[in-house]
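Residue strings, one per chain:
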Amino acid sequence: MVASVFYLEPLPAVGQPAVLDGPEGRHAATVRRIKPGERLLLADGRGGIADATVTAAAKDRLDLEVTARREQHRPTPTVTLVQALPKAERSELAVELATEAGVDAVVPWQSARCIARWEGAKTYKGVTRWRNAAIAAAKQSRRSFVPDVAELHHTPQVLELVRGVVGRGGAVAVLHESARAPLASLRLREVPELVLVVGPEGGLSDEEVTDLTDAGATAVLLGPTVLRTSTAAAVALGAIGVLTERWASAPID
């Protein structure tokens, strides 16, 4: 049976005891009913992985012994998703799918045509929901890295991010149905980092596309169909995984 993955930070050294408690411990002991003698994997969300054996179980915690440690490196190019806020019912879905497809970081963007508006207390709640969605999806997909979810960005901040990535030799792809260049036309294997920009349900405004391309981004066409804002990044990440070495390794085990 494949070992279950749980997050624990910091990871203990080999031979040291460890305790998995809190929400992760309750889920492991009560929902998964993991028992003494079983093996599980611990991850710190930053590439650290530990093999552990359960030595004792209570209703809300597991006692563990770490038997091995290893580190994974982030795949290259690293991929950051600038995601315009989807409508409420699809908001977390965009983060979940992108996380399962391997995104390294997510930037929520209040773009001009977003139906959803994060203002005041809604901003904190929205970012928190996205961060929780990223953790849950990373765990489900057996990732050693949990994507970073940034604070809410507005267009000037996104343009600054784009200029910074381009200045460091990276690439920025704006997914747009009217673009002529395909995603594969970018030098994906040669860049250290890539940013994907995905607009909202109403699409990007002409002014936003112009501002992004003036900052160094390239508008690209993902394929022959128009995708929902919540699924576009995951499809793009799948293509990038095949076009680069990002998908060269197997899931952690």
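Residues numbered from 1 in each chain as written. Predicted model: local features only at pLDDT ≥ 70, side-chain atom pairs only at ≥ 80, totals over all residues. Heavy atoms only, no water.

Within an unreviewed UniProt entry, the label attached to the protein reads Ribosomal RNA small subunit methyltransferase E, and the organism entered is Rhodococcus spongiicola. The Subcellular location (unreviewed entry) field of the UniProt record for the protein holds the comment "Cytoplasm". As recorded by UniProt, the Function (unreviewed entry) comment attached to the protein reads in full: "Specifically methylates the N3 position of the uracil ring of uridine 1498 (m3U1498) in 16S rRNA. Acts on the fully assembled 30S ribosomal subunit." (UniProt positions renumbered as here; feature names shortened; annotations may be inferred.)

A count of helical and extended segments in the protein gives 6 helices and 12 strands. In the protein, buried positions account for 48% of the 253 residues. Long-range contacts, defined here as pairs at least 24 residues apart, represent 72% of the contacts in the protein between residues at least 6 apart. Only carbon and sulfur atoms are counted for the fraction: they give 53% of the accessible area of the protein, which is about 12,400 Å². (Helix = DSSP H or I, 4+ residues; strand = E, 2+ residues; numbered from the N terminus. Buried < 20%, exposed > 50% of the residue type's maximum accessible area, 1.4 Å probe, protein only. Contact = heavy atoms within 4.5 Å. Areas by Shrake-Rupley, 256 points an atom, 1.4 Å probe, with all protein chains shown as cover.)

A few words now on the packing of aromatic side chains. For any pair of aromatic rings, the description consists of the separation of the ring centres together with the inter-plane angle of the planes. The final tally for this structure, using the stated rule, is 1 aromatic pair. An angle of 75 degrees between the planes, with centres 5.2 Å apart, marks the rings of W118 and W130 as edge-to-face. Residue W118 is found in the loop between β7 (105-109) and α3 (121-140), and its partner W130 is found in helix α3; the two are separated by 12 residues along the sequence. Here W118 and W130 have matching classes, each one buried. (Phe/Tyr/Trp six-rings, centres within 6.5 Å; stacked < 30°, edge-to-face > 60°.)

On to the UniProt feature "domain: Ribosomal RNA small subunit methyltransferase E PUA-like" (unreviewed entry) in the protein, then. Sequence positions flagged by UniProt for "domain: Ribosomal RNA small subunit methyltransferase E PUA-like" (unreviewed entry) are, in local numbering, residues 20-66. Between the C-alpha atoms that bound residues 20-66 there is a distance of 12 Å. The span itself is 21% helix and 45% strand.

This part takes up the domain arrangement of the protein. By the assigned domains, the protein splits into domain 1 (5-71) and domain 2 (78-243). Its C-alpha centre places domain 1 at a distance of 33 Å from the equivalent point of domain 2. Between domain 1 and domain 2, the residue contacts involve 12 residues of the former and 8 residues of the latter. Of the roughly 760 Å² buried between domain 1 and domain 2 on both sides combined, carbon and sulfur atoms contribute 56%. Considering only the side of domain 1, the residues that lose the most area to domain 2 are V5, Y7 and G45, jointly responsible for 63% of the buried surface there. Run the count over domain 1 and domain 2 and you get 1 salt bridge. Ionic pairing is found between K139 and E24, a salt bridge with its closest N-O pair at 2.7 Å. Applying the counting rule to domain 1 against domain 2 returns 8 residue pairs in polar contact (both at pLDDT 80 or more). (Domains from an automatic or database assignment. Buried area = accessible area lost by both parts, 1.4 Å probe. Salt bridge = Lys/Arg side-chain N within 4 Å of Asp/Glu carboxyl O. Polar contact = N/O pair within 3.5 Å; in protein donor to acceptor, adjacent residues only side chain to side chain.)

Structurally, S4 is set in strand β1 (residues 4-7). Separated by 2.7 Å, the side chains of S4 and R32 make a polar contact. The contacts of S4, once residues within four sequence positions are left out, are R32, I34, R39, L40, L41 and R142.

As a further point, take the pairing of strand β12 (residues 218-221). Summarising the sheet, strand β9 (residues 171-175) and β12 pair through 3 bridges and their orientation is parallel. Pairing of V174 across the sheet is with A219, part of β12. Pairing of strand β10 (residues 181-182) with β12, which is carried by 2 bridges, proceeds in the parallel orientation. Bridging across to β12, A181 finds its partner in V220. (Pairing = 2+ DSSP bridges.)

This brings us to the pattern of salt bridges. Taken as a whole and assessed by the stated rule, the structure comprises 15 salt bridges. R61 is paired through a salt bridge with D63; the nearest N and O atoms lie 2.5 Å apart. Residue R61 is classed as partly exposed on the basis of its relative accessible area of 31%. Judged by its relative accessible area of 24%, D63 is partly exposed. A salt bridge links D104 to R246; the shortest N-O distance between them is 2.9 Å. In this pair, D104 sits in the loop between α2 (91-100) and β7 while R246 sits in the segment after α6 (229-243), placing the two residues 142 residues apart along the sequence. Assessed through its relative accessible area of 6%, R246 is described here as buried. Among the charged side chains, a salt-bridge network with shared partners connects R39, D51, R70 and D253.

Our next topic: the sheet that holds β1. Taken in spatial order, the 5 strands of this open sheet run β1-β3-β4-β5-β2, and their pairing is mixed. Looking at the sheet topology across the chains shown, the edges are occupied by β1 and β2 (17-20). When the angles between neighbouring strand axes are averaged without regard to direction, this sheet yields 40 degrees. Strand direction decides the pairing type here: β2 and strand β5 (residues 62-71), joined by 4 bridges, are antiparallel. Of the residues in β5, the one forming a bridge with A18 is L64. Here helix α1 (residues 22-31) sits on the sheet and contacts β1, β2 and β5; the angle it forms with β1, its principal contact strand, is near 155 degrees. (Axes fitted to C-alpha atoms, helices over the stretch in contact; angles between N-to-C directions.)

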